[in-house]
Amino acid sequence: MHEYVRRRIARGCRLSPRLCRGDNVVLEGKDLLHDLPGTFTVVKCRTCGLMRTNPRPAPEAIGFYYPDDYGPYAGTRVRPEAPGRSSVIKRLLRPVVSALVDYKTTALPPIPAGNMLELGCASGSFMHRMAQQGWRVEGIEFSRKAAMAAAQLGYHVHAGPLETAPAPGQLFDLVVGWMVAEHLHDPVGGLKKLREWTRPGGWLVLSVPNAGALEFKIFKEKWYALQLPTHLYHYTPRTIRLVLQTSGWSPVKIHHQRVLSNLFPSAGYVLRDRGYERVGAKLIGFPENAGRWHQVLYPLAWFLSQLGQTGRMTVWARNGS
Ligand SMILES: [Zn+2]
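From a predicted model like this one, the values you see are computed outputs, not experimental measurements.

Student: Residue-level account of the sheet that holds strand 2 (residues 23-29), with values.
Tutor: Sheet architecture is open: 4 strands sit in the order 2-3-4-11, paired in antiparallel fashion. Each edge of the open sheet is held by one strand with a lone partner, namely strand 2 and strand 11 (233-234). Note: strand 2 against strand 3 (residues 40-45), 6 bridges, orientation antiparallel. Across the sheet, L27 pairs through a bridge with V42, a residue of strand 3.

Here is the structure:
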């Protein structure tokens, strides 16, 4: 096997190692996002129920599965603002739409500006937005290229994995990680470290795919949010709470996001596989190219979120109860 796809089998329960009773195989899948080599298995721990990719690329080899065109790196670049040229109607409608439409993808608790750390800050657009609202921000980013783009905005960014990040000079009031906890090789170790860096009563806000949703059971290895092999853990509302508690955090709330960003690309993978290349590719590109379709589909997304069935969740936790 190619050196870059060297894989490692991780044995034992992550959450109750002393009670470990082994794993059940859930499914086998491939890298559908970039079509890179390797077959990977998702297993479910018989003791705690946490699902993980196993075997998986070793930490020093996983960069192979994050090519430079990896979506989040390009999608979070801050562009110079274009001169405003929107119609009167659009300008009048904007506050109405933003009052009605809340996707909950980056839902934050109502707290005053302070020190924020973004884990997996990619090219820095979220840090930039928070800095404009008065936050002192810094980031950690695994991709050197994306980290450099974020650092060029003037923010302190550690280029590398969480494991090698040095302790900060002062404690954080808020740590956020958007679609990043599923990428960690050791989420419990990582989240413990983040808790030590947070002031008592400080907040942790994470968004992760929800493998407890029906769409995972329907689409299985073609579920868009599975993203093998870069997603190493596949959380449900129950197991993300367990992971947080094991790491010393107190889970506060789970928001089911009001977006359908998994549903259409998952259907796209199924269609592509059956020979409908063009319509498949269109659906796979939906999350990035949807534009105002996210608004059009909002009522349906809202309805599914009430049932906990949108396949993505934003989780609030605190350091201390
Ligand atoms: Zn376990």
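Student: Give me the lowdown on empty space enclosed by the protein, citing residues and values where you can.
Tutor: Inspection of every chain in the model, using the stated rule, returns 3 cavities of 30 Å³ or more. In this model, the largest cavity occupies a volume close to 60 Å³. K30, L32, L33, E221, W223, Y224, L226, Q227, L228 and Y269 together form the lining of the largest cavity. Here the second largest cavity defines a volume of roughly 50 Å³. Around the second largest cavity, the lining residues are D31, L33, H34, Y65, Y70, Q227, L228 and T230. Per-class residue counts for the lining of the second largest cavity are 4 nonpolar, 3 polar and 1 charged.

Student: Break down the packing of helix 8 (residues 263-273) against helix 9 (residues 277-284) for me, citing the residues and quoting the values.
Tutor: One can describe the packing of helix 8 onto helix 9 by two numbers: an axis separation of 7 Å at closest approach and a directional angle of 160°. Viewed along their axes, helix 8 and helix 9 adopt a mutual orientation that is roughly antiparallel. The way helix 8 lies across helix 9 gives a crossing that is left-handed. Seen from helix 8, the contacting residues are F264, P265, A267, G268, Y269, L271 and R272; seen from helix 9, they are E277, V279, G280, L283 and I284. The residue inventory of the contact of helix 8 with helix 9, partitioned by class, reads 8 nonpolar, 2 polar and 2 charged.

Student: Can you break down the packing of helix 5 (residues 187-196) against helix 7 (residues 237-246) residue by residue, with the values?
Tutor: The N-to-C vectors of helix 5 and helix 7 enclose an angle of 55°; their axes lie 8 Å apart at closest approach. As the angle between them shows, helix 5 and helix 7 are arranged oblique. Read as a crossing pair, helix 5 and helix 7 show a hand that is right-handed. Contacts between helix 5 and helix 7 pair P187, V188, L191 and K192 from the former with V243, L244 and T246 from the latter.

What counts, and where the lines are drawn
Residues numbered from 1 in each chain as written. Predicted model: local features only at pLDDT ≥ 70, side-chain atom pairs only at ≥ 80, totals over all residues. Heavy atoms only, no water. Pairing = 2+ DSSP bridges. Helix = DSSP H or I, 4+ residues; strand = E, 2+ residues; numbered from the N terminus. 1 Å grid on protein atoms, 1.4 Å probe; cavity = no way out; pocket = protein on both sides within 12 Å on 5 of 7 lines; lining within 4 Å. Points joined across faces, edges and corners; volume = space filled by probe spheres on them. Nonpolar A, V, L, I, M, F, W, Y, C, P; charged D, E, K, R; others polar. Axes fitted to C-alpha atoms, helices over the stretch in contact; angles between N-to-C directions. Parallel < 35°, antiparallel > 145°, perpendicular 65-115°, else oblique. Left-handed = near helix turned anticlockwise from the far one by under 90°. Contact = heavy atoms within 4.5 Å.

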